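# Descriptive structure summary
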Amino acid sequence: MSWLAPEPFLRGTAWLDEGRAVRADPADLARLPWDLAQRAALPIGVRLEFSVAPGTRAVQIRYRAAVPGGADPLREIAHCFALWQGDRCVREVFTEPSEEATVTVALPPGTGPFTIHPPESQGPVVLGLRAVGGTLCPAPPRPRWLVHGDSITEGWWSTRPAHAWPAAAGRALALDPVNLGYAGAGRGEAATAQQLAGLPAELITLAFGTNCWAGVPYSAPQLYETTRAFIALVRAGHPATPLLLVSPVLRPEAESAANALGATLAQLRTAMEEAVRDLVAAGDDRLALLPGRDLLGPEHLADGLHPNDSGHALLAGAVAEAVRAEGFHHVARAARPARPPAPRPAPAPAGGAGARPGPRGFRPEAARPRSPAGNSRE
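Scope of this entry: the structure provided in the associated data block. All values derive from a computational prediction rather than experimental measurement. (Residues numbered from 1 in each chain as written. Predicted model: local features only at pLDDT ≥ 70, side-chain atom pairs only at ≥ 80, totals over all residues. Heavy atoms only, no water.)

### Here we look at the packing of aromatic side chains
For clarity, the threshold we go by: Side-chain rings of Phe, Tyr and Trp (the six-membered ring for Trp) are treated as a pair once their centres are within 6.5 Å; stacked means planes under 30 degrees apart, edge-to-face means over 60, and tilted covers the remaining angles. Each helix is a run of H or I in the DSSP string that is no shorter than four residues. Each strand is a run of E no shorter than two, and both are numbered from the N terminus. Think of it in three bands: residues with accessible area under 20% of the maximum for their type are buried, residues over 50% are exposed, and the middle band is partly exposed, with areas taken using a 1.4 Å probe on protein chains only. For a lysine, the NZ atom is tested; for an arginine, the CZ atom; a charge sits over a ring if that atom is within 6 Å of the ring centre and within 35 degrees of the ring normal.
The tally for this structure, following the rule as stated, stands at four aromatic pairs. Ring centres of F50 and F114 lie 5.8 Å apart, and the angle between their planes is 40°; this geometry places the pair in the tilted category. Linking F50 in strand β4 (residues 47-52) with F114 in strand β9 (residues 114-117), this pair joins segments that are 64 residues apart in sequence. Accessibility assignment for this pair places F50 and F114 in one class, buried. The aromatic ring of W3 is capped on one face by R130, whose charged end is 4.0 Å from the ring centroid.

### Focus: the pairing of strand β16 (residues 287-290)
Here is the rule we go by: Whether two strands pair depends on DSSP finding at least two bridges between them. With its strands directed away from the observer, a crossover is right-handed exactly when the path from the first strand over the helix to the second travels clockwise.
Both strand β15 (residues 243-246) and β16 contribute to a ladder of four bridges, which runs parallel. Note that in β16 the partner of V246 across the bridge is L290. Following the chain from β15 across helix α6 (residues 265-281) to the adjacent parallel β16, one finds a crossover that is right-handed.

### Comments concerning the pattern of salt bridges
Stated precisely, the cut-off is as follows: Think of a salt bridge as a Lys or Arg side-chain nitrogen and an Asp or Glu carboxyl oxygen that are within 4 Å of each other.
Enumeration according to the criterion identifies 19 salt bridges in this entry. With a closest N to O distance of 2.8 Å, E255 and R269 form a salt bridge. Taken together, the positions of E255 in the loop between β15 and α6 and R269 in helix α6 put the pair 14 residues apart, joining distant regions of the chain. Here E255 matches R269 in class, with each residue buried. Here the residues in one salt-bridge network are R47, E49, R142 and D176, joined through shared partners.

### A word on the sheet that holds strand β8 (residues 100-106)
The criterion, for reference: Fitted lines through C-alpha atoms serve as axes, helices being fitted only where they are in contact, and the angles separating the N-to-C directions of these axes extend from 0 to 180 degrees.
Ordered by their spatial adjacency, three strands build an open sheet running β8-β5-β10, and the pairing between neighbours is antiparallel. Strand pairing shows two members of the sheet lacking a second neighbour, β8 and β10 (125-132), which therefore form its edges. This sheet shows a mean twist of 20° between the axes of neighbouring strands, independent of strand direction. For strand β5 (residues 58-64) and β10, the ladder comprises seven bridges, and the chain directions are antiparallel. When the sheet's bridge partners are listed, R62 is paired in β10 with G128.

Shape is all these values report; function is a separate question.
Structure follows, in structure tokens:
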């Protein structure tokens with residue numbers, strides 16, 4: 001069977017730039033902070049979703065990806081493809097790291113739909129896919145859910161891409177999560193808000209704020225106004241789209257410690273929550289707040305900041321419950337699923353390697369948790 005173009009099978013995509021899934025508008029990178037633009041080059045949360053004809057034995061995926069250095073202790077498991085059906089991981093397939101390769105993923109009996117999570121931290125670019133012993137077709141589209149935040153939203157310290165809280169909540173809500181979390185960023189950047197406004201969506205969640213305590217310090221009044229301005233810019237493109245804001249989760253070292261502008265994380269969190277409540281009181285009836293302080297305990301944080309797998313699961317459950325309680329999932333499902341922007345022309349199959357890998361790498365289930373590539377960015 002001939003290779004099929006990957007674009008109809010891709011989910012979780014915001015923009016396609018010459019066949020590569022990226023998470024910031026490639027025509028608008030100059031207005032973004034460099035760290036955000038760097039993280040946006042990684043296809044976090046992008047996956048393949050498909051159904052197959054009865055009797056189809058496997059699916060083959062042709063791809064390019066970065067190759068970890070020979071000294072990387074996780075090199076042999078860096079190229080992992082995880083097959084999911086519903087809320088269950090069916091199997092994981094590991095390939096020898098190579099700049100361009102083909103992986104064969106055996107399928108269980110049944111027609112699907114199935115989801116395959118590629119090794120996102122290695123910047124994979126899917127070049128094509130095909131069925132073995134049958135046929136496959138793209139899975140039906142689901143309502144599109146934009147999820148913006150920082151490294152916690154990006155999924156740091158989850159041991160698998162599918163364990164990150166946006167992915168887990170997306171499965172629970174039967175939505176198509178588009179992960180727009182950026183490690184080290186997520187500080188209420190106005191350009192990001194305008195890019196969100198230009199993307200089609202049936203539901204939007206904002207979950208930033210912890211990076212406004214350190215790195216680029218904010219005062220509480222400053223973050224109050226930033227939150228209002230960010231939402232106003234998003235509303236310019238989504239005047240009636242359901243929007244849930246999740247205030248920062250627990251960060252023990254920052255709760256009562258003042259930053260360079262004298263604000264504790266507790267004060268910054270309160271400022272964000274007051275901004276949302278004031279906007280709701282002013283008439284935004286499609287805006288809701290999920291206070292983040294009590295969603296996680298210290299035991300759910302891998303490093304005092306980023307959730308471990310149990311923390312991501314708790315956060316996913318809390319977000320899904322909040323979306324349901326507000327009735328936002330009904331609104332999202334009633335809306336027609338939006339199609340992603342048309343892709344730019346794809347390059348010829350031969351060529352260079354994938355994007356530079358980011359710090360959130362793959363960790364085997366049995367491995368002792370470690371800081372992603374030794375990087376301490378938030």
